[in-house]
Each structure stands twice: as C-alpha cells, then as structure tokens.
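The residues making up each chain are set out below.
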Amino acid sequence: MSIHIGYSQNLVRYELTITDTIVNFSGKAKRAIAVNGQIPMPTLTFTEGDIAEIVVHNRLKEGTSLHWHGLFLPNKEDGVPFLTQMPIEPNTFHTYRFPIIQNGTHWYHSHSGLQEQLGMYGSLILKKKESDPTFRKGIDDLPAVPLILSEWTDIKPDNVHRMLHNASDWLAIKKGTTQSYSEAIKAGHFKTKLGNEGKRMLAMDVSDVFYDKFLINGKNESQLSQFKGGDKIRLQVSNGGASSYFWLTYAGGKMIVVANDGNDVQPLEVDRLIIGVSETYDVVVTIPTENTAYEFLATPEDRTKSASIYLGNGPIQLKSRMPKLKYFEGMKMMNGMMNMDGSMDDMGMEMSLQKMDMNTVMYPEVTGNIETKVNKKMDNMKMDDKMDHSTHSMTSTQDLVTLNYAMLKAPHPTTLPKDVPVRELRFELTGNMNRYVWSMDNKVLSETDKILIKKGENVRIVLHNNSMMRHPMHLHGHDFRVLNGQGEFAPLKNVLDIMPMETDVIEFNANVEGDWFFHCHILYHMMAGMNRVFSYESQAPNPYLPDKKWAYKKLQLESNRLHLMAENDFASNGNDGMVMFQNSRWSFGTEWRLGYNDQDGYETESHIGRYIGKNQWFMPYVGFDWRYRKTNGISEKNLFEQVSTKDNRAVISLGAEYTLPMLVTLQGEVFTDGKVRFQFMREDIPISSRLRWAFMVNTDKEYMTRFKYIVTRNLGISTHYDSDMGFGIGATLNY
Amino acid sequence: MNNNIKILTAIAVFLSVVACIAQTKNTKTESVKIYGNCEMCKNAIEKAGYSKKEATVNWDKNTKEATISYDSLKTSKKEILKRIALAGYDSDSFLAPDDTYSTLASCCQYERVEKKAAITEESKMEMASIEHSKHDAMAETKQEVNQLSKVFEGYFVIKDALVKTDGAITSTNAKSLLKAINEVQMDKLPMDVHMAWMKFLNALKKDTENISKTQDVEKQRESFKLLSKNIYEILKVSKTSEPVFYQYCPMQDANWLSKEETIKNPYYGSQMLSCGKTIETIK
C-alpha cells in the first residue's frame with residue numbers, strides 16, 4: 001500500500017492509512033491499530049538530504065498523530081497533538097513534510113493517548129550517504145536489518161492504565177510477582193516483607209504491566225534465512241515497547257555496539273545490553289559457523305517471557321534464557337534504601353550512567369541460584385560434579401560485559417558552541433508507586449507552565465531520580481550530550497535511561513525554536529503526568545495550532561484524567577461496595593453498606609479529598625454520611641461516650657486520612673452533629689498470591705474483617721464478619 | 001426429577017464423546033531424534049517436553065528417538081523441541097545453549113556434533129593477536145624487584161577470590177600469603193618500608209591467619225577489612241611498579257586495594273560487584 005514515488009530527485013513520499021484491526025497474538029482476537037494493514041507500521045527509509053513527505057490518512061474513530069522519534073525537524077512537524085499540531089481527526093488526512101538532515105536508526109509512533117501500545121510503532125531508517133566523510137567502511141556498508149521490539153497485552157491499554165492507578169494487583173498475579181506474605185515466608189524473607197510494608201511500600205516489580213507476548217517486528221519468533229556462516233549483520237534495534245526495557249543477547253557470541261539513538265559511537269564489544277523504552281541501538285553480529293542459525297534474543301527486564309529472531313540457516317543455536325528474578329532480594333535492598341519519610345537514600349554512592357545496576361541483587365545469573373533442589377535429589381558424586389559446573393558457569397558470567405552509558409564514546413568531538421549563555425536546569429524525578437502518580441519535582445504536567453528557554457543558549461540539565469523506578473527521559477527535536485567522562489567525545493542521545501538514585505547531566509544547544517516535549521517514555525508514566533515542555537521565547541506562531549493557550553490546557557488534561565474504580569460485594573448479609581474517581585491529586589468516592597432489611601440498615605459515606613505531599617500519605621476531605629437503621633430505640637455509645645441512634649442520620653463531616661506504616665489508614669472525622677470518629681483500616685493484605693485480608697475497627701465500636709480470594713480480574717469470592725451485619729459470604733465484582 | 005438426571009447423563013456422555021473425538025482429531029504423533037545418554041537424560045527430556053494437556057514426550061535412550069504426541073492446535077513440534085533444547089538437549093532443529101549443556105550432569109553430557117567454524121577476516125586477525133599476547137606475558141615475568149611484591153600479589157589473589165565469593169580458595173590463598181609474609185627478609189627492606197613493615201607485621205599475620213582458618217566468606221571479609229587497611233599503609237610507603245587503586249565501599253564502610261580501576265567489590269562479590277569508588281591512586 002505504501003507508495004514510494006520520487007517527484008523530484010530527493011522527495012520521498014509515503015502514504016500511511018491508519019485503520020482499526022483485529023489481531024490474535026495470544027490466542028484471543030483483540031482490537032489493535034494497523035497502518036497500511038500491518039503491525040508494526042511499515043519501515044520508512046530515507047537518505048540524508050532527502051525531503052520526506054508522509055501523508056497520514058486517519059480511518060480510526062478517534063484522533064491520531066505521528067511523532068518522528070529522534071528527528072531534527074521544524075516544530076510543527078513533530079507530531080505531538082495539542083503541542084505542535086491538532087489531532088488528525090477521523091476520516092481526514094494530514095501531510096508531514098520535512099527535510100532529512102541527519103542519519104541513523106530512529107523510529108516513529110503515535111503520540112496520541114495509548115495508541116502506541118496497540119500497534120502504532122515502526123522503524124524509521126535514515127541512511128548515511130556513501131560520500132559522507134563519517135562513512136565507516138566495514139560498518140556502514142554491512143547488510144542492515146531494522147528490528148523493532150514491542151509488547152502485546154490482551155487487556156485494553158486504557159484499562160491497563162486505570163488498573164495501574166488503582167493499584168490493582170491483577171497484573172502482578174498474572175506475572176506471579178504478588179510477593180505475598182506466604183511467598184515471603186517460603187523464601188525465608190518474612191522480615192523483609194514486614195519491613196517493606198513497615199515503610200509503606202507495596203510490592204514492586206522492575207516493570208508494572210503483564211504482557212501476553214513480546215514481539216520483534218511484530219512476531220514472537222522469526223528467521224532471517226538469507227544469511228549464512230561468516231556473514232556480519234548490522235541489526236538496527238529500536239525499542240517500540242510501551243513500558244518494557246529489553247535485554248539483548250546473542251547466541252553467536254559478542255555483539256559490537258556501533259550506534260545509539262541514531263548517533264555513531266566508537267565500536268564496543270559487549271555480551272549484553274539493556275535497551276531502554278524508546279532507545280535505539282545498532283549492533284553488529286557475526287554468524288560464527290556454517291549451517292547453523294543463531295538466536296538473537298530480546299528478554300523484557302522482568303524476564304517473564306522473550307522474543308527471538310534467528311539469523312542464518314540450519315539447526316537453531318539457542319541462547320539460554322535469563323533466570324527468574326529474585327524479588328525478595330530486591331525488596332530487601334529497597335528497604336535498605338528507603339527512608340521512613342518515603343525518600344530514597346543513596347548511602348553516599350554517587351550513582352550515574354547505568355554503571356551500577358541495583359537490580360543486580362535480583363539476578364540469579366550473577367548472584368548464584370538459590371534453587372539447589374535439583375542437586376539434592378542426586379547422589380553425592382553427581383552432586384559434586386554438578387556443583388563444579390555451576391561454579392564454573394558462575395565465574396564466567398561475572399566477566400560478562402554489560403553495556404552502560406559511561407562506555408559510550410562518540411567518534412568525533414560533540415562539544416557545544418562556546419561563548420553562549422548557559423542555562424542550568426535541575427529536575428528531580430519523583431513518583432508515587434501506590435497511587436501511580438509520576439512527576440518531576442513532585443509536579444505533574446497539569447501543575448506546571450512551559451519552561452522558557454532562549455534560542456542560541458546552551459541548556460544543561462541535571463537529572464536526579466528519587467523515585468523507585470527507572471525512567472527513559474526523552475527530549476523532542478534535539479540530541480543532547482551525556483556528560484559521561486568521555487570529555488569532548490561525550491555521546492549524543494535523545495533518550496536517557498536514569499535508574500533510581502542516579503544523577504546524570506545532559507546538555508544541548510537550543511537551536512530549533514518551538515515547543516518541545518521532554519518526558520518519560522514509559523507510556524503509562526507519561527500519561528500519569530511525568531512531562532514538561534521546553535518553549536522557546538518569542539517563537540513564530542504555529543500554523544497548525546492557532547490557539548496555543550487553549551491547546552496547552554488540553555495537553556495538561558490528557559495526562560491528568562480521572563480514573564474510575566468500583567467494587568461491590570454481593571454477600572449473603574448485604575451489599576458492601578464503593579465507587580471512586582481519582583486523578584493525581586483529587587479523590588471523589590462513595591462507600592456503601594446496604595443490608596437486606598431495615599434491621600441491618602443502610603449506610604453510605606461520600607468523601608471529596610485531596611492528596612497532600614510527595615508521598616500522598618495524607619488526604620484531608622469533606623464528607624457526607626447518610627444512614628438508616630431500625631434499632632427500635634436502642635442507642636449506642638461510642639468510645640467518647642457520645643450517644644447515637646443509628647436510626648436516621650444525615651450529616652456532613654470534615655476529616656482526614658493518613659497512611660501509617662504497614663499501610664494502615666487512620667481516618668479521623670468530625671461530623672456536623674458533633675460526633676467524632678476515628679478508624680483504622682487496612683485492605684488488601686496479601687496473604688498468598690491470590691488471597692487478601694482486610695480489617696477495620698473504629699471508635700463507634702464497629703469492626704469488620706474480610707478475606708477475599710481473587711478469581712479473575714473482575715471477580716473475587718469473599719467472606720466477612722461485620723459488627724453491623726454479621727457474618728456473610730459472597731461474590732465481589734470489581735472494576 | 002428422574003427424567004432430568006437421565007437427560008443430564010445423556011448430555012454428559014454426549015459431550016465427553018465429542019471431547020474425545022475432538023482430542024484425537026488434533027493429536028499428532030511424530031518420532032524425532034534427540035541427543036542424550038542415560039536414564040537421567042530421559043527424565044529431563046520428557047519433563048522439559050511435557051506440557052499439560054498439550055504435549056507428551058517418550059524418549060528411548062537406546063535409539064535416541066523420541067515419540068512426541070501433541071495437540072496440533074495448541075502447540076507444535078518446534079515449540080516442544082525448543083523447550084527440550086533449552087533444557088540442554090540438542091535435536092536436529094534446535095541446539096542447546098552451551099552454558100546449559102555444560103551444567104548437565106557428567107553422565108548426561110552426550111557427544112555433540114561439532115559446528116564448522118565459518119572463516120571470516122577477523123578469525124585470521126585474532127590468531128595473530130593471540131601470538132602477540134604470549135610474547136607480552138613472557139616479558140613481564142622477568143621484572144621482579146620489590147621484595148614485598150609477593151606479599152602484595154598474595155593480597156590481590158585473596159581479593160580476587162573474595163570477589164568470586166569463594167571461601168575455599170580464599171583460605172588457600174591466605175595460607176600462601178602467610179608464607180610470603182614469613183619469607184620477607186626485613187633487614188633488606190629500605191629504611192622507611194622497614195619501619196612500616198615492623199609496625200604492621202603482627203596485625204598482617206593475625207588477619208591473614210584468621211582468613212586462612214575459616215572457609216566462611218563473611219568471616220573472611222571481616223578480617224579482610226583490617227588486612228586491606230594495613231596492606232594499604234605498607235604499600236603507600238613501599239610503592240609498586242604499577243599503579244594500585246585504593247577503593248572504598250560506602251555500604252560496608254570498608255576499603256580494599258586493586259590493580260584495576262574498574263570496581264570489583266570483594267565485600268559483596270557479584271551481588272554488588274560494582275558498588276564502590278576509587279578514592280586514591282597509589283603510584
């Protein structure tokens with residue numbers, strides 16, 4: 001479908017038609033988005049010096065856009081809806097047109113909502129001219145294969161996003177990473193788990209989303225049989241995954257890294273490398289033997305599954321799979337690093353540039369495998385033998401060369417213009433795991449204005465990650481230098497992966513005016529507000545975006561939407577449930593307990609609250625309570641000797657909620673009728689992978705305890721005892 | 001009521017018949033060669049190939065032939081053979097990763113078909129460079145001036161063993177270090193080095209002995225902290241021909257010496273291999 005016509009010598013034109021489609025990656029038919037009928041989107045190829053003209057036809061029922069990731073282009077062609085253009089409306093088309101002024105491996109994707117997760121990603125290859133003085137013989141003339149990595153989930157991305165905000169643990173259950181108390185005890189880590197909850201942390205993982213399949217060029221497994229023994233191949237790898245980092249390994253030996261984010265680097269031989277979300281790496285691999293195909297393996301950081309492509313012909317030489325992570329070791333380390341006030345302590349280690357991966361404590365291939373069960377079954381002699389071998393392979397893995405940013409070195413000096421003003425900016429990357437709020441300096445995009453910079457000046461940015469997860473920070477329209485100790489040969493990148501507690505410094509020359517997005521490229525973090533906009537002072541108006549003020553408000557709203565959460569327990573003694581709308585700061589919720597008769601009573605509580613502080617442990621609120629219960633004149637006294645009949649009560653209240661260690665919420669409330677109530681509650685204590693325990697006790701002498709077994713994403717079986725309604729058993733539906 | 005039960009039974013019987021037919025319709029059985037040796041291999045191969053309700057494998061250790069039966073709608077021969085190869089057993093379509101093969105019990109290490117190396121430009125060049133490095137190694141052995149260099153060498157091999165978290169080797173190395181310490185002829189040391197040596201000799205002996213006495217790496221590391229400190233004091237005075245890096249691990253609040261600048265932490269080993277920083281370069 002893509003038409004490739006040269007109107008003049010160097011105009012290269014593509015027609016892209018975006019449509020809804022049905023795919024089946026996992027055994028279930030699901031909605032996805034295809035471009036020219038395919039996933040990934042077609043590979044677009046240009047040569048430096050060409051003029052690109054890309055016509056996008058939107059046949060979806062929603063607006064869309066395409067962003068050219070890593071490209072230098074006029075701001076209006078950058079493809080960010082409500083920042084550089086209006087969304088391409090359904091059944092309309094839009095033409096992007098810009099000169100190609102660089103070379104390298106890049107990619108393109110939708111910048112609208114979560115469309116990227118549904119299939120809107122593709123390779124974008126800008127070829128170097130052979131006459132280019134930087135043309136590297138033996139590298140730039142090798143056969144090249146673009147590979148785009150991605151993931152697929154059967155759950156709708158919008159729903160994934162909502163579940164993350166609601167701290168749903170369904171995704172963890174699917175991954176087998178609940179890290180419950182019983183699992184902790186089994187692993188001998190009960191204290192670790194206790195310490196973790198003591199510091200008010202929920203179990204965490206290196207990544208959050210459960211994926212059904214991982215893909216290379218849209219396939220879980222594929223083969224390039226055109227290659228033979230002795231061939232050298234340049235793999236142009238882009239990570240088009242929405243939230244997955246991938247480990248890249250090769251069964252045929254070491255890989256030579258020759259470029260990163262579309263910029264050449266001095267060749268580096270490595271055993272493995274991790275490619276951050278939205279990064280690109282060019283690696284050269286060799287097929288070492290005749291008549292054998294070698295596996296190039298992409299393993300997501302959580303190591304749940306993998307995707308492979310086989311290079312060559314004949315029997316396939318596999319690469320060993322990366323062993324499962326030791327989560328409780330990670331938890332233990334996290335406990336050590338976490339202060340009681342929710343900030344992180346790097347213990348005086350000056351961490352930067354991926355040099356020290358704290359996750360290493362979770363890697364069995366490095367720390368040795370604890371599972372020696374297999375060995376125990378064997379007799380002594382065999383056991384000795386086995387031990388010998390395992391120590392042997394352990395020592396060899398210690399010498400594995402893993403790429404980090406400090407190793408990257410540009411082939412030519414990359415220094416910025418001298419004698420221009422320097423603007424220094426600092427950002428602290430912040431986050432709240434429990435409520436899935438991701439921010440910079442504890443502010444989401446909707447709480448900040450654009451950051452003004454001047455054309456011509458050098459912008460130096462110091463980034464410090466004080467959140468618990470790594471973030472691939474991406475700058476639109478510019479490459480920045482990563483100050484990594486290589487002096488004037490500092491590598492150029494447009495995505496910087498920054499691990500927890502790291503501090504990195506980047507700098508760039510502000511040389512193209514416009515409004516440029518600077519954000520975390522993990523799609524769900526971006527949509528949770530981890531964004532900023534760099535705006536050039538006194539820039540020319542953008543013809544595609546007449547009302548920029550209004551558009552910025554729209555952009556801010558995009559990443560601070562309200563999320564619905566609802567639950568109802570249909571139990572033998574009544575209905576018990578809640579519905580809640582929340583965004584990064586506000587919470588609007590109603591809870592109810594409805595009996596089946598007047599004696600059991602009916603009661604609802606509604607709260608409108610605002611989360612305060614970085615950790616969001618504190619939420620003051622106003623509330624409205626209504627209850628009716630036929631008590632036949634019997635009145636009750638609370639702990640403060642205040643008497644109430646629960647008969648018929650409608651009051652407004654003022655209260656606050658605070659999360660205590662062990663994730664117990666303390667709620668204090670004063671009602672308009674003078675009554676006071678304090679309440680302790682903890683929900684979702686993970687007993688086992690799927691079993692949850694909850695309890696509540698308050699000064700009205702009410703109490704409740706409940707067990708819930710999670711059956712599916714939306715269904716649980718629960719049993720509870722409630723001081724008002726007695727013992728009940730039922731089914732819990734949740735959304 | 002009775003009627004209902006009859007109808008239900010009839011439906012149940014009907015359904016199970018349908019299910020049986022469906023199952024036989026999709027089940028495929030094939031014979032395929034898988035390399036292996038013994039009864040242990042048989043268990044491993046069959047376990048790796050098995051998948052609940054999808055695939056079963058029956059391997060004959062004499063013929064090396066496996067009979068695999070699988071539901072062709074749910075899985076494939078390729079998938080089964082891939083799983084088996086990932087457990088360490090080659091077939092004609094998939095080869096096991098070398099590191100997995102090497103962890104098989106010795107009785108299971110069947111003979112593998114050797115792959116024919118492809119000839120590339122690099123392979124020729126590599127041969128040449130290997131020759132080179134041999135020469136370099138020979139040149140190095142000639143220079144050994146400093147009397148204490150044996151002691152320092154002894155220290156570095158202990159450190160390397162601790163980096164690998166190997167208690168047994170650490171202990172053996174400590175014994176050699178102790179011997180080297182005892183062999184030092186104090187009177188032949190330069191004056192300032194002599195003074196430093198005298199000052200720390202007893203502590204050196206004691207810590208080295210403590211390391212050699214146990215195979216418990218954690219205990220060894222405790223003694224190693226003190227040993228490192230004292231070696232540093234001596235090395236600062238005596239100097240060596242090559243630069244030595246004095247490194248620090250904030251998590252343990254402890255130092256160590258290394259000949260390479262890259263951090264390889266002896267207090268954590270692989271668990272936090274790269275934790276630490278160089279605080280002084282002694283030249």
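None of these values were measured; they are calculated from a predicted model. (Residues numbered from 1 in each chain as written. Chains lettered and ligands numbered in written order. Predicted model: local features only at pLDDT ≥ 70, side-chain atom pairs only at ≥ 80, totals over all residues.)

Undergrad: Talk me through the overall build of chain B; I want residue IDs and the actual numbers.
TA: Looking only at helices and strands, one finds 9 helices and 7 strands in chain B. The buried share of chain B, reckoned over its 283 residues, is 30%. Contacts spanning at least 24 positions in sequence make up 58% of the contacts within chain B whose residues lie at least 6 apart. (Helix = DSSP H or I, 4+ residues; strand = E, 2+ residues; numbered from the N terminus. Buried ≥ 20, exposed ≤ 12 C-beta atoms within 10 Å, placed from the backbone. Contact = placed C-beta atoms within 7 Å.)

Undergrad: Lay out the overall build of chain A with the relevant residues and their values.
TA: Within chain A one finds 10 helices and 45 strands. Counting all 735 residues of chain A, 44% fall into the buried class. When contacts within chain A are restricted to residue pairs at least 6 apart in sequence, long-range pairs at least 24 apart make up 67% of them.

Undergrad: I'd love a proper account of the confidence of the model for chain A, names of residues and values included.
TA: In the predicted model, chain A carries a mean pLDDT of 88, and 91% of its residues have values of at least 70. Ignoring residues within four places in sequence, the model shows residues 369-397 of chain A, a span with pLDDT below 50, making 21 contacts including any to other chains. (pLDDT = per-residue confidence, 0-100.)

Undergrad: Mind laying out the domain arrangement of chain A, listing which residues take part and the relevant values?
TA: Here chain A is partitioned into domain 1 (11-128), domain 2 (411-520) and domain 3 (563-734). Looking at the side of domain 2 of chain A that touches domain 3 of chain A residue by residue, the classes come out as 2 nonpolar, 3 polar and 1 charged. (Domains from an automatic or database assignment. Nonpolar A, V, L, I, M, F, W, Y, C, P; charged D, E, K, R; others polar.)

Undergrad: Account for the sheet that holds strand β32 (residues 563-571) of chain A, with residues named and values stated.
TA: Remark on secondary structure: sheet strands pair via backbone hydrogen bonds, oriented parallel or antiparallel. Residue and element names in this part refer to chain A. The strand order around the closed barrel formed by 12 strands is β32-β33-β34-β35-β36-β39-β40-β41-β42-β43-β44-β45, and the pairing between neighbours is antiparallel. Across this sheet, the average inter-strand angle for adjacent strands is 20 degrees, counted without regard to direction. Bridge count between strand β42 (residues 691-698) and strand β43 (residues 703-712): 7 bridges; the pairing is antiparallel. Note that in β43 the partner of F695 across the bridge is T705. (Pairing = 2+ DSSP bridges. Axes fitted to C-alpha atoms, helices over the stretch in contact; angles between N-to-C directions.)

Undergrad: A description of the domain arrangement of chain B should follow, citing residues and the corresponding values.
TA: On domain assignment, one finds that chain B holds domain 1 (21-108) and domain 2 (149-282). One C-alpha centre belongs to domain 1 of chain B, the other to domain 2 of chain B; they are set 50 Å apart.

Undergrad: Provide a residue-level description of the nonpolar core, including the pertinent values.
TA: Core analysis: the biggest nonpolar cluster contains 152 residues, and A:V257, A:V283, A:V285, A:L311 and B:I45 have the highest contact counts within it. The dominant element in this core, judged by the number of residues it contributes, is strand β18 (residues 293-300) of chain A, at 5 residues. Not counting chain neighbours up to four residues away, the residues in contact with A:L311 comprise A:L224, A:F227, A:I233, A:V285, A:I287, A:A293, A:Y294 and A:F296. Judged by nonpolar contacts, the second largest core, of 23 residues, contains B:V163, B:W197, B:I211 and B:F224. (Core = buried A, V, L, I, M, F, W, Y, C linked by C-beta atoms within 7 Å.)

Undergrad: Give a detailed account of the sheet that holds strand β10 (residues 213-216) of chain A, specifying residues and quantitative values.
TA: Residue and element names in this part refer to chain A. One open sheet holds the 6 strands; their spatial order is β10-β9-β12-β17-β14-β15, and the pairing between them is mixed. Two strands close off the open sheet at either side, each with one partner strand: β10 and β15 (263-270). Strand-to-strand twist in this sheet, taken as the mean axis angle between neighbours without regard to direction, amounts to 25 degrees. By the bridge criterion, 4 bridges tie strand β9 (residues 144-152) to β10 in an arrangement that is antiparallel. Counted as the bridge partner of L149 is I216 from β10.

Undergrad: Go over the packing of helix α6 (residues 149-163) of chain B against helix α7 (residues 167-183) of chain B, please, and point to the residues and values.
TA: Residues and elements named next belong to chain B. At a minimum axis distance of 9 Å, the contact between α6 and α7 shows a crossing angle of 170 degrees. As the angle between them shows, α6 and α7 are arranged roughly antiparallel. Taking contact as the criterion, the partners of K150, V151, G154, Y155, V157, I158, A161 and L162 in α6 are, on α7, I169, T170, N173, A174, S176, L177, A180 and I181. Taken together, the residues that form the contact of α6 with α7 break down as 11 nonpolar, 4 polar and 1 charged. (Parallel < 35°, antiparallel > 145°, perpendicular 65-115°, else oblique.)

Undergrad: Give me the lowdown on the pairing of strand β17 (residues 280-286) of chain A, citing residues and values where you can.
TA: Residues and elements named next belong to chain A. The buried count for β17 comes to 7 of 7 residues, which makes it a mostly enclosed element. With 7 bridges joining them, strand β12 (residues 232-239) and β17 adopt antiparallel strand pairing. Looking at the pairing, R234 lines up with V284 of β17. Bridge analysis of strand β14 (residues 255-260) against β17 gives 4 bridges, and the strand direction is antiparallel. Looking at β17, one finds that V257 is bridged to V283.

Undergrad: Explain the pairing of β12(A) to me, and be specific about the residues and the numbers.
TA: Residues and elements named next belong to chain A. Among the 8 residues that make up β12, 7 are buried, leaving the element largely enclosed by the rest of the structure. Looking at chain direction, β9 and β12 are connected through 6 bridges and run parallel. When the sheet's bridge partners are listed, L149 is paired in β12 with N239.

Undergrad: Got a sec to walk through the confidence of the model for chain B? Specific residues and values, please.
TA: Residue and element names in this part refer to chain B. Put simply, chain B has an average pLDDT of 80, and 82% of its residues get 70 or more. At the level of individual helices and strands, chain B shows its lowest average pLDDT in helix α5 (residues 121-141), which scores 46, and its highest in strand β4 (residues 94-95), which scores 93. This stretch, residues 17-22, has a pLDDT under 50; its non-local contacts, to residues over four places away or in other chains, come to 0 contacts. Low pLDDT, under 50, characterises residues 127-144; the predicted model gives this stretch 2 contacts beyond four residues in sequence or across chains. In the predicted complex, the global pTM is 0.80; the interface-specific ipTM is 0.80.

Undergrad: Help me get a handle on the packing of α6(B) against helix α9 (residues 217-238) of chain B, residues and values and all.
TA: All names here are of chain B. Across the interface, α6 lies against α9 with an axial gap of 11 Å and an inter-helix angle of 145 degrees. Handedness of the α6/α9 crossing: left-handed. Contacts between α6 and α9 involve F152, Y155, I158 and L162 from the former and V217, Q220, R221, F224, I231 and L235 from the latter. By residue class, the composition of the contact of α6 with α9 is 8 nonpolar, 1 polar and 1 charged. (Left-handed = near helix turned anticlockwise from the far one by under 90°.)

Undergrad: Talk me through the environment of A:N531; I want residue IDs and the actual numbers.
TA: All names here are of chain A. Considering the arrangement of structural elements, one finds N531 in strand β31 (residues 531-536). Distance from N531 to H474, taken between C-alpha atoms, is 9.6 Å for residues 57 residues apart in sequence. Apart from residues no more than four positions distant in its own chain, N531 is found in contact with L445, F517, H519, M526 and S559.

Undergrad: Which residues make up unusual backbone geometry, and what are the values?
TA: Of note, the bond from A:I39 into A:P40 is cis; its omega dihedral lies within 30 degrees of zero at -5 degrees. Within the element layout of this structure, A:P40 appears in the loop between β2 (30-35) and β3 (44-47). Although it is not a glycine, A:D419 adopts a positive phi angle of roughly 60 degrees. Positionally, A:D419 belongs in the loop between α8 (380-398) and β21 (422-432). Backbone geometry at B:T165 places phi at a positive 50 degrees, although glycine is not the residue there. Residue position: B:T165 is located in the loop between α6 and α7. Overall, B:T165 belongs to the buried group, with 23 C-beta atoms counted inside 10 Å.

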